Amino acid sequence: IGKKVQAIYLWWHKPVINKELLQSLPNLKVIANSGVGMDHLDLKLVASFGVKMANAPRAVSSSTADTGMALLLASARRLVEVHNISISPSMEYCEADILGVKVAGATLGIVGMGSIGYKIALRAKAFEMNILYHNRTQRKVQEEQAVGATYCKKIDSLLQQADFVMLVVSLTPQTHKLIGKRELKLMKPTATLINISRGAVVDQEALLAALQTGVIRAAALDVTSPEPLPRDHSLLKLKNIIITPHLGIKTDKATYMITEEAVENILAALNGLPLPSEVLPS
């Protein structure tokens, strides 16, 4: 049926798009992705076959922003730890050992201020947080004022000031291991790192060492590299980390909206119209 296939809808990176598959589908016109991140695709290879590509930014931004804030709050108030205490047979604990971190008045540093990053800023404003952000380009003044965000041209400045650092960047050669040993040392020893982008944006071995030695207070990860981590990985043994299985977009409504957005892009491509969410190779 290879000659009949004109569109592919990628769900959770499947099917795998490689040269052999593209060669077997001579009439393929479009690949629609169920999410924003396109790092699992060789964009230049796909484009070389004359195939258009689209993602689903409108559908996923709110759900992913919710996940980021949920991880921030859960880490700040140590919800996983105190839940385990609350359901333990003895429920023995010392109040000094479960003290959390106040969120209101704390400084949130957002690395990557696209649509998801901006929605995180909107949520953080409601929690009375001070907001810093680092991005390739600065947002418009009115957009900054709407959320009370301050632009940091250099990421180092953001890392040194933030109580919570949230990573919301796409995975590219430039952002691969963006946060490593040097960057972690720049952060406050009381700071928390939250990653809702891609696991490879963080040097996991450097993060493990930082969490073990108190370089930073805690981490909350919705993404790892690989996913899932091997069951004997040292990160899984730490108390000062929360790890979730890439929950970002996993809500019933977001899943439905992603499919709608993919269909919209596919129909546009098949009818020779501009794709609403086209992604071009860089």
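Residues numbered from 1 in each chain as written. Predicted model: local features only at pLDDT ≥ 70, side-chain atom pairs only at ≥ 80, totals over all residues. Heavy atoms only, no water.

Describe the layout of surface pockets, listing the residues and the values that go with them.
Empty space among the atoms becomes visible once a probe the size of a water molecule is rolled across them. Counted as a void, the largest pocket has a volume near 1,500 Å³. Taken together, 47 residues make up the lining of the largest pocket; nearest its centre are Val36, Val169, Ser170, Leu171 and Thr172. Every element with two or more residues in the lining of the largest pocket is listed here: α2 (43–48), α3 (57–76) and α5 (115–126). Of the residues assigned to the lining of the largest pocket, the class counts are 20 nonpolar, 22 polar and five charged. (1 Å grid on protein atoms, 1.4 Å probe; cavity = no way out; pocket = protein on both sides within 12 Å on 5 of 7 lines; lining within 4 Å. Points joined across faces, edges and corners; volume = space filled by probe spheres on them. Helix = DSSP H or I, 4+ residues; strand = E, 2+ residues; numbered from the N terminus. Nonpolar A, V, L, I, M, F, W, Y, C, P; charged D, E, K, R; others polar.)

How would you explain the pattern of salt bridges if you had to name every residue and give the values?
Two side chains of opposite charge can pair, provided their charged atoms sit close to one another. Under the counting rule described, the total for this entry stands at nine salt bridges. A salt bridge links Arg58 to Glu264; the nearest nitrogen and oxygen atoms lie 2.8 Å apart. One end of the pair, Arg58, is in helix α3; the other, Glu264, is in helix α10 (residues 252–270), and 206 residues separate them in sequence. A relative accessible area of 46% places Arg58 in the partly exposed class. The partly exposed category is assigned to Glu264, whose relative accessible area is 38%. Notably, a salt bridge pairs Arg78 with Glu81, separated by 3.1 Å at the nearest N-O pair. (Salt bridge = Lys/Arg side-chain N within 4 Å of Asp/Glu carboxyl O. Buried < 20%, exposed > 50% of the residue type's maximum accessible area, 1.4 Å probe, protein only.)

Break down the UniProt feature "domain: D-isomer specific 2-hydroxyacid dehydrogenase catalytic" (unreviewed entry) in the protein for me, with residues and values.
With numbering matched to this structure, UniProt assigns "domain: D-isomer specific 2-hydroxyacid dehydrogenase catalytic" (unreviewed entry) to residues 6–279. Its end C-alpha atoms 18 Å apart, residues 6–279 is made of 37% helix and 14% strand. (UniProt positions renumbered as here; feature names shortened; annotations may be inferred.)

Describe the sheet that holds strand β9 (residues 218–221), listing the residues and the values that go with them.
An order of β6-β5-β4-β7-β8-β9-β10 is seen for the seven strands of this open sheet, with the pairing classed as parallel. The outermost strands of the open sheet, each flanked by one partner alone, are β6 (149–151) and β10 (241–243). Here the strands of the sheet are splayed against their neighbours by 15° on average, with no regard to which way each runs. On top of the sheet, α5 reaches β4 (107–111), β5 (130–134) and β7 (164–167); it is set at about 170° to β4, its chief contact. (Pairing = 2+ DSSP bridges. Axes fitted to C-alpha atoms, helices over the stretch in contact; angles between N-to-C directions. Contact = heavy atoms within 4.5 Å.)

Which residues make up the domain arrangement of the protein, and what are the values?
Partitioning the protein into domains gives domain 1 (2–58 + 250–271) and domain 2 (60–243). Computed from C-alpha atoms alone, the centre-to-centre distance between domain 1 and domain 2 is 30 Å. With eleven residues of domain 1 at the contact, the number on the domain 2 side is five residues. Taken together, both faces of the contact between domain 1 and domain 2 bury some 670 Å²; the carbon and sulfur share is 50%. Contact with domain 2 buries area across many residues of domain 1, yet Val36, Asp39 and Pro57 alone supply 49% of it, more than any other trio. In this assembly, domain 1 and domain 2 are joined by one salt bridge. Two residues, Asp39 and Arg198, come together in a salt bridge whose shortest N-O distance is 2.9 Å. Applying the counting criterion to the domain 1 and domain 2 interface returns four residue pairs in polar contact (both at pLDDT 80 or more). Looking at the side of domain 1 that touches domain 2, the elements that each hand over two or more residues are α3 and α10. Along the lines of polarity and charge, the residues of the side of domain 1 that touches domain 2 split into five nonpolar, four polar and two charged. (Domains from an automatic or database assignment. Buried area = accessible area lost by both parts, 1.4 Å probe. Polar contact = N/O pair within 3.5 Å; in protein donor to acceptor, adjacent residues only side chain to side chain.)

Explain α5 to me, using residue names and the numbers behind them.
If you check α5, its first and last C-alpha atoms are 17 Å apart, about what twelve residues at 1.5 Å a residue would give, namely 16 Å. Among the residues making up α5, those that are buried are Ile116, Gly117, Tyr118, Ile120, Ala121 and Ala124. In this structure, the buried residues of α5 make contact with α3, β4, β5, α6 (141–147) and β7. Backbone geometry just downstream of α5 places Glu128 in the positive-phi region, at approximately 60°. (Expected span 1.5 Å × (residues − 1).)

Before we move on, can you summarise the pairing of strand β8 (residues 192–195) with the specific residues and values?
Every second residue of β8 is oriented toward a common face, with Thr192 and Ile194 on one face and Leu193 and Asn195 on the other, all of them buried. By the bridge criterion, four bridges tie β7 to β8 in an arrangement that is parallel. Within β8, the position partnered with Met166 by the bridge is Ile194. Here β8 pairs with β9 via four bridges, running parallel. Bridge pairing links Asn195 to Leu221 in β9. For the handedness criterion, the β-α-β arrangement of β8, helix α9 (residues 204–213) and β9 is classed as right-handed. (Right-handed = clockwise from strand over helix to strand, strands pointing away.)

Pulling in residues and values, what's your account of the packing of aromatic side chains?
Two numbers describe a pair of aromatic rings. These are the distance of the centres and the angle of the planes. A complete count under the given rule lists two aromatic pairs for this structure. Each ring, one from Tyr133 and one from Tyr151, has its centre 5.2 Å from the other, and the planes form 50°; the classification is tilted. Placement of the pair is Tyr133 in strand β5 and Tyr151 in strand β6, with a sequence separation of 18 residues. Assessed through its relative accessible area of 0%, Tyr133 is described here as buried. (Phe/Tyr/Trp six-rings, centres within 6.5 Å; stacked < 30°, edge-to-face > 60°.)

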